[in-house]
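Descriptive structure summary
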Amino acid sequence: LRLLLLRASEGPVQAASACIAAVVTRASAFGAQVIVDGRLRSVAPEPGAGVHGEGVVDTAAERWHGVDASTREAIGHASAAGCDYVIAGPVLPEPAPQSLAAAIGWHGLAQLTRAVPLPLFAAGGLARSDLARAQQAGAHGIVLPLTDFV
């Protein structure tokens, strides 16, 4: 594990500052980088390795910038905007209310990874045991909820 993305769930983000600082410190001790969700950026005690979310890509200020994009068109827009990676999904069905989007499946994931010029990370309905299958489909990695690690 060398790259972590801290995403904001619904609700206020002000209390997240101490959590972000702790995660960045702990990740740094293991040589991992932390990307902060755009909603958390304003309360992050340090900039981290980049930012995830919609908006203008500031290549001078950010080392990494990525967005959620699950269609070829959206991925094309992300590439044109200068994004470094995309997160696509949900790959597998998720219980509501986590996702209202239809699952793209392993075949859909493989089609996207062959068609995109950017590193793609698979998300949605996945477990650690799905990493090898996602990589076989062409994904660079998977996105898992923090609850899978605590």
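Scroll up for the structure.
A short tour of the structure in this document, coming up. (Residues numbered from 1 in each chain as written. Predicted model: local features only at pLDDT ≥ 70, side-chain atom pairs only at ≥ 80, totals over all residues. Heavy atoms only, no water.)

**Quick word on the nonpolar core**
- Judged by nonpolar contacts, the single largest core of 22 residues is most densely connected at Ile75, Val86, Leu109, Leu120, Ala122, Leu126 and Ala134.
- Looking at this core, the element that brings in the most residues is helix H3 (residues 105-115), giving 4 residues.
- Ala16, Val24, Ala32 and Val36 belong to the second largest nonpolar core, which has 9 residues in total. (Core = buried A, V, L, I, M, F, W, Y, C linked by side-chain atoms within 4.5 Å. Buried < 20%, exposed > 50% of the residue type's maximum accessible area, 1.4 Å probe, protein only. Helix = DSSP H or I, 4+ residues; strand = E, 2+ residues; numbered from the N terminus.)

**Observations concerning helix H1 (residues 16-29)**
- In a regular helix each residue adds 1.5 Å, so 14 residues correspond to 20 Å; H1 covers 20 Å between its end C-alpha atoms and thus fits that length.
- Buried within H1 are the following residues: Ala16, Ile20, Val24 and Ala27. Projected down its long axis, H1 carries its buried residues within an arc of 70 degrees, all on one side. Of the exposed residues in H1, those oriented more than 90 degrees away from the buried face are Ala18, Thr25, Arg26 and Ala29. (Expected span 1.5 Å × (residues − 1). Arc of directions from axis to C-beta.)

**Observations regarding the environment of Val36**
- When you line up the elements, Val36 lands in strand E2 (residues 33-37).
- Along the sequence, Val36 and Leu5 sit 31 residues apart, while their C-alpha atoms lie 5.8 Å from each other.

**Digging into the sheet that holds strand E7 (residues 141-142)**
- Spatial strand order, E1-E2-E3-E4-E5-E6-E7: 7 strands in an open sheet with parallel pairing. Each of the sheet's edge strands pairs with one partner strand only, and the pair in question is strand E1 (3-6) and E7.
- Bridge count for strand E6 (residues 120-122) against E7 is 2 bridges, and the pairing is parallel. What sits directly across from Phe121, in E7, is Gly141. (Pairing = 2+ DSSP bridges.)

**Overview of the packing of aromatic side chains**
- Taken as a whole, this structure holds 1 aromatic pair when the rule is applied.
- With a centroid separation of 5.9 Å and an interplanar angle of 90 degrees, the aromatic rings of Tyr85 and Phe121 are classed as edge-to-face. Within this pair, whereas Tyr85 is found in strand E5 (residues 85-88), its partner Phe121 is found in strand E6, the two being separated by 36 residues in sequence. (Phe/Tyr/Trp six-rings, centres within 6.5 Å; stacked < 30°, edge-to-face > 60°.)

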